[in-house]
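Take a look at the letters that make up each chain.
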Amino acid sequence: MLPNRPPFPPQVSVINTVDTSHEDMIHDAQMDYYGTRLATCSSDRSVKIFDVRNGGQILIADLRGHEGPVWQVAWAHPMYGNILASCSYDRKVIIWKEENGTWEKTYEYTGHDSSVNSVCWAPHDYGLILACGSSDGAISLLSYTGDGQWEVKKISNAHTIGCNAVSWAPAVVPGSLIEQPSGQKPNYIKRFASGGCDNLVKIWKEEDGQWKEEQKLEAHSDWVRDVAWAPSIGLPTSTIASCSQDGRVFIWTCDDASGNSWSPKLLHKFNDVVWHVSWSITANILAVSGGDNKVTLWKESVDGLWACISDVNKGQGGVSAVTEGQQNEQ
Amino acid sequence: HILRPSPPVPSLLPGEKRPTLTSPQPPSRLVQVSKNYRSVIRACMEDMHQAAISTRDSALQSQYSIQVSILSAMELIWNLCEILFVEAAPAGPLLLRLLDWVQLHICDVDNMVREVLSSENPSKHKLFWNVVDIFVLQGRMDEARHLLSKEAIANPTSMNMYKILDDLMKKMPVPSLGNTQTLTEMELKWQHWHEECQRYLQDGTFASNSHMESICKILLGDENAILEKKELMTTWYHFLVTRLLYSHPTVKPMELRFYAQSSMDMFLGEESSPEPLDTILMAAFEFELHQVIKECSVALSNWWFVAHLTDLLDHCKLLQSHNLYFGSNMREFLLLEYASGLFSHPSLWQLGVDYFDHCPEYGRVYLELHIERIPLNTEQKALKVLRICEQRQMHEQVRSICKIMAMKALRNNRLGSALSWSIRAKDAAFATLISDRFLKDYCERGCFSDLDLIDNLGPSMLLSDRLTFLGKYREFHRLYGEKRFSEAARLLLMLMTAHIAPCSFWMTLLTDALPLLEQKEVIFSAEQTYELMRCLEDLTAGKLNRQKFQDDDVETMKVEMLRLALARNLARVIVKEGTLEGS
């Protein structure tokens, strides 16, 4: 007898948990480009890489080289090989590379005077470039010039007190979806966003080889902990998500291609500090994680409001702890 | 030991589905498509059911059973949508379709029927009247009458009552499918018939047999009588259809909503509240399409159902194409969501490509973003992905993927593979890098790997200078091997004088020239020999300042040998060129 009241399972569910055997707090976990490997870093000073295909978890590498808690890891685009960057409290940025099946340190940058809090690789179209934000208030950009050599450009005093997060803008000309591009390589303007202890989100632009501050976005009342520039499919709108110690997450949008007017929209005010925000590949889902021990997924609805989708009690804002479903995190 | 079959995931569904329709279709075709979808769902349900009964693992079994019930709900909803929206059955046929729908989906009547019929004395079976009742409730008059006849035979005293009831049931007017009668005609006939039933009931004809009396009351559409059989009907929508059958058979589609709401209220009463499935069906009865889609999206965990249903409804021109906030319409939005989900699956991503192709506005961009992220574990897979990109002129993606494959090959020391990938990617820088590796290998081992590849470079040799040199250098070796010495000599010289060879390699080239110089027959002309000497001088002059060169005995010895050989060759060739031919 077919029951006529079947149960309907929720839309987002945990698909895997990985026991990393880190001996201390884990500060970051990043999937690689294909979603087959997971890199984690921790206060125990190590960076671990796991193969997570088909629900498994095989430890591939345990990288030691930092002398303090490691704050973030970032995977480079696979066309440069298997490259991972990590940054730590010990003021160092280490770039690791996989050669002949083993992971080794390929470069170490020690140009900061204080803890390096965030690293982010630029879109692969610009080359192999890494942005690093540090507690000494500076942001450095390391560019690979070939033959194991890296060139360094530093933006001093980017944020007073310190810089907590950096995030590159996608290499897509805004509006390129609507106006069909000519087919030749477009002229990219390199941009990235940074968040700091001065409660500001700043947008930086490269002009004639120099980096200049293009915009200052003010809305937070406490330290900005993370910024994430959303991937673009070529619509004229650019979007940035920022989260802060004040528990708020803002979505900033800019409708014109010149990048002049950014307007904030409050996604939600959480009860605790929000640590990280991250976009899905096609930028329609935002993952938010915070001190309340929860990860929530948000999606923009038809009328422009943001709704939480990883929640069984729809519309309540109260959340159960679930992790990202099928999308890759940046 | 027994092999466990791999669980048939509901992803069997997308595997069967043919992607969306492209051009406008005639209505009948759309109904056919809708039926196809339903048969796909049923097939999947069947497989899942088989899996459920064949497994020993109870957790797996309950999982499969849940899937079966979800699939049956999906088919239920789809069927109703087909009747109301795709086929858009008008008043008259509408009721017949709804009756079919009820019969198909609700109540496990067949088991009961079989049990009753197979007993020796059906009319004495305890479930006999239940079966008769359910036949009546579902409008299956012939079957009801057939069963009743058995009762009449067994109970001759009720023969009179039976004959009247049988007659009433036989005469009941039903809407016809063809155009043999208009609605008004039918309504008239029905009115008369209804009055006749009323008369018999009021006359107390069935007073002595409560079963037959209740059947007569049902025929008259008495709601309380119908509600008494709640347990048999099991759902409010069955109740709805039965009510309509016996009180308003010519119901128009737009009138359904009133009956639906009241039926649900009456059936569920105070205690129970509607479940998600009920809400969806109610929205359908109310012809609120967007509500149906919305409720389904919320209730069902995968996008397959809403994406395909919306696509079908879109083809029926039922969805107003109001643009969503971010510019695409509902159909495309759902298809994009569904296809994106497919990309995380190891093999279903290929279907995802087809779906993206059918999304005119954003499909291509989404595909560009997703296709680069497919893990390229094997060359075959990479080639498959490349073919897809090339077919769609996604040049950026092609280059990117080729570069990734080249890098991978290089890391695994498969230089030939890396070279061919970088040629395909038209990546000059990488090609130069790899050519350098080849040359380095040659210097170390004295032979080339991947000769085939280098020999057959063809025009792609021109991609980078270093690559051209590699190709030409290999050609030199080939000529030497074929003993075409003068051609080889000419090529060798050209490589240096035309600056195709990098300076770092000149020493090696000159060393290669040694055997040619030492041949019995003179190969290099005077002109050429002078050139070679000049090259050697250029080389040594530049290195005079380098400590390493002076200290290196091997190098010094080589230079000495070369000088000697060149001098000797020069001597011989001057003589030879000075000599008259044939003398």
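Residues numbered from 1 in each chain as written. Chains lettered and ligands numbered in written order. Predicted model: local features only at pLDDT ≥ 70, side-chain atom pairs only at ≥ 80, totals over all residues. Heavy atoms only, no water.

By the naming in an unreviewed UniProt entry, chain B goes by Nuclear pore complex protein Nup85 and is assigned to Chrysolophus pictus. The heading Subunit (unreviewed entry) in the UniProt record of chain B holds the text "Component of the nuclear pore complex (NPC)." (UniProt positions renumbered as here; feature names shortened; annotations may be inferred.)

For chain A, an unreviewed UniProt entry supplies the name Protein SEC13 homolog and the organism Chrysolophus pictus. Under the heading Sequence similarities (unreviewed entry), UniProt records this for chain A: "Belongs to the WD repeat SEC13 family."

Caption draft 1: Quick look at the overall build of chain A. Across its full length, chain A carries zero helices and 24 strands. Here chain A, with 330 residues, has 54% of them falling under the buried criterion. Within chain A, residue pairs in contact and separated by at least 24 positions form 46% of the contacts whose partners lie at least 6 positions apart. Total accessible area on chain A stands at roughly 14,600 Å², and carbon and sulfur atoms take up 47% of it. (Helix = DSSP H or I, 4+ residues; strand = E, 2+ residues; numbered from the N terminus. Buried < 20%, exposed > 50% of the residue type's maximum accessible area, 1.4 Å probe, protein only. Contact = heavy atoms within 4.5 Å. Areas by Shrake-Rupley, 256 points an atom, 1.4 Å probe, with all protein chains shown as cover.)

Caption draft 2: Seen up close, the sheet that holds strand β10 (residues 129-134) of chain A. All names here are of chain A. Strand order in the open sheet formed by four strands is β9-β10-β11-β12, and the pairing between neighbours is antiparallel. Both outer strands of the open sheet, β9 (116-121) and β12 (149-155), are each paired with one neighbouring strand and no more. This sheet shows a mean twist of 20 degrees between the axes of neighbouring strands, independent of strand direction. Direction of pairing for β9 relative to β10: antiparallel, over a ladder of five bridges. In the sheet register, C120 faces β10, and the bridge partner there is A131. (Pairing = 2+ DSSP bridges. Axes fitted to C-alpha atoms, helices over the stretch in contact; angles between N-to-C directions.)

Caption draft 3: Main features of the pattern of salt bridges. Under the defined criterion, the tally for this structure stands at 46 salt bridges over all chains. Among the salt bridges present, the one from B:E143 reaches B:R140, with a minimum N-O distance of 3.2 Å. The exposure class assigned to B:E143 is partly exposed, which follows from its relative accessible area of 36%. In this structure B:R140 comes out as buried when scored by relative accessible area, which is 14%. We note a salt bridge from B:E531 to B:R534, for which the minimum N-O separation is 3.0 Å. Placement of the pair is B:E531 and B:R534 together in helix α29 (residues 526-543), with a separation of three residues, close to one helical turn. Look at B:E531 and you get partly exposed, because its relative accessible area is 25%. Residues joined by salt bridges that share partners form a network here, namely A:R191, A:K205, A:E207, A:K212 and A:E214. (Salt bridge = Lys/Arg side-chain N within 4 Å of Asp/Glu carboxyl O.)

Caption draft 4: The arrangement of the confidence of the model for chain A in detail. Residues and elements named next belong to chain A. On average, residues of chain A score 83 in pLDDT, and 85% of them reach the 70 mark or higher. Considering only residues more than four positions removed or in separate chains, one finds that residues 1-11, a stretch of pLDDT under 50, has 31 contacts. Contacts of residues 311-330 to residues separated by more than four positions or lying in other chains number 47 contacts, the stretch itself having pLDDT below 50. (pLDDT = per-residue confidence, 0-100.)

Caption draft 5: Broad picture of helix α10 (residues 210-219) of chain B. Residue and element names in this part refer to chain B. What α10 keeps buried is the set M212, S214, I215, C216, I218 and L219. Lining the buried residues of α10 we find α6 (128-137), α7 (141-154), α8 (159-171), α9 (183-202), α11 (223-228) and α13 (236-247). Positive backbone phi, at 80 degrees, marks G221, one or two positions downstream of α10.

Caption draft 6: Main features of the sheet that holds strand β18 (residues 238-244) of chain A. Residue and element names in this part refer to chain A. Here we have four strands laid out as an open sheet, ordered β17-β18-β19-β20, and antiparallel in their pairing. The open sheet has two free edges, formed respectively by β17 (224-229) and β20 (262-269), since each of these has just one partner strand. With strand direction ignored, the average angle separating the axes of adjacent strands in the sheet is 20 degrees. Taken together, the five bridges between β17 and β18 define a ladder with antiparallel strand orientation. Looking at β18, one finds that W229 is bridged to I240.

Caption draft 7: Region of interest: the nonpolar core. Core analysis: the biggest nonpolar cluster contains 223 residues, and A:W121, B:W101, B:L281, B:F285, B:Y473 and B:L509 have the highest contact counts within it. Per-element accounting of this core gives the leading share, 16 residues, to helix α3 (residues 58-86) of chain B. In this view, B:L281 contacts B:L76, B:I77, B:L80, B:W101, B:W236 and B:Y237; residues no more than four positions away in its chain are not counted. Among the nonpolar cores identified, the runner-up in size contains 17 residues, and A:C243, A:I251, A:W298 and A:W306 belong to it. (Core = buried A, V, L, I, M, F, W, Y, C linked by side-chain atoms within 4.5 Å.)

Caption draft 8: Expanded view of the pairing of strand β15 (residues 200-207) of chain A. Residues and elements named next belong to chain A. In terms of residue burial, β15 counts as a mostly covered element, since seven of its eight residues are buried. Sheet topology places strand β14 (residues 191-196) next to β15; five bridges connect them, and they run antiparallel. The residue of β15 that forms the bridge with F192 is W204. The hairpin formed by β14 and β15 contains three residues between the paired strands, and N199 there has a positive phi angle of roughly 65 degrees. For β15 and strand β16 (residues 210-218), the ladder comprises eight bridges, and the chain directions are antiparallel. Residue pairing for β16: E207 is matched across the bridge by Q210. Once β15 ends, the chain turns through two residues before running back antiparallel as β16, passing D208 with a positive phi of about 55 degrees.

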